[in-house]
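Each chain, letter by letter, is given below.
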Amino acid sequence: MTSSQPSFPTRLDALRVLGKAERLSRARLRLTAVWTGAECANADWSVNIANLRRQLQETESMAKLLEKEEAKIRGALERQNALVDECLAAALKAFPAQAGRINLVNRAFSNAGALRRLQLRAVSWEKIWETLDPKWEPTPGLTLLGFRERRLELERESAEAGKVWMKWRMADEICQGIAGRIERDCMAWTTQAQRQFPVNSDLGRLVAELVTAV
């Protein structure tokens with residue numbers, strides 16, 4: 001980055017950038033007869049705005065899908081965790097001499113996120129269950145094999161949700177890239193326009209109002 005290039009925060013408010021660009025685009029058209037002045041051609045400006053609008057829609061769509069997937073996974077993991085709690089209570093009654101081992105399931109997984117900790121807790125309980133008695137059923141019909149199959153299925157579902165997250169992340173990064181280019185164009189245009197038109201002229205006041213608005 002050279003000293004002449006503006007720097008931006010880590011994230012831009014792409015919707016705000018879109019609104020700014022649309023307002024300045026209208027101003028550019030009003031000034032076309034007397035001044036073009038901006039580095040970005042009018043046609044390119046319109047294309048960039050259309051691209052950002054389209055990418056915002058794509059990112060919002062992916063965000064809604066991600067929210068839905070995460071809610072589904074979170075609910076399933078919380079139900080699995082409640083089942084682990086039931087199993088632990090039953091195990092402490094059935095194997096009181098193994099209480100120390102059973103309680104190891106509650107060890108901290110400090111480097112993992114909240115949902116990942118629920119997954120790791122289920123894995124930990126499964127391994128403890130194997131050492132207690134792999135044929136033992138905490139509740140009628142709940143087998144170690146059945147618990148493991150459901151846990152692995154939930155792991156696969158979580159992996160699919162992770163793919164959705166990656167798609168959202170990619171869409172968001174593309175959106176940020178387009179917004180960054182437009183933001184630079186907007187800053188370049190307003191800087192040039194402020195220099196071109198005296199603040200006490202009609203066009204200067206128009207430019208000042210637009211700069212204040214954005």
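Residues numbered from 1 in each chain as written. Predicted model: local features only at pLDDT ≥ 70, side-chain atom pairs only at ≥ 80, totals over all residues. Heavy atoms only, no water.

A. Representation of the pattern of salt bridges within the structure. Counting across every chain of the model gives 16 salt bridges. The salt bridge involving Arg 151 is made with Glu 155; its shortest N-O contact spans 3.9 Å. With Arg 151 and Glu 155 both in helix α5 (residues 144-196), this residue pair falls four residues apart, about one helical turn. The class for Arg 151 is buried, based on a relative accessible area of 10%. Residues joined in a network through salt bridges with shared partners are Arg 116, Glu 126, Glu 130, Arg 148, Arg 151 and Glu 155. (Salt bridge = Lys/Arg side-chain N within 4 Å of Asp/Glu carboxyl O. Helix = DSSP H or I, 4+ residues; strand = E, 2+ residues; numbered from the N terminus. Buried < 20%, exposed > 50% of the residue type's maximum accessible area, 1.4 Å probe, protein only.)

B. Representation of the confidence of the model for the protein within the structure. With 89% of its residues at a pLDDT of at least 70, the protein reaches an overall mean of 87. Here residues 1-8 is modelled with pLDDT under 50, and outside its nearest four sequence neighbours on either side it reaches eight contacts, counting other chains as well. (pLDDT = per-residue confidence, 0-100. Contact = heavy atoms within 4.5 Å.)

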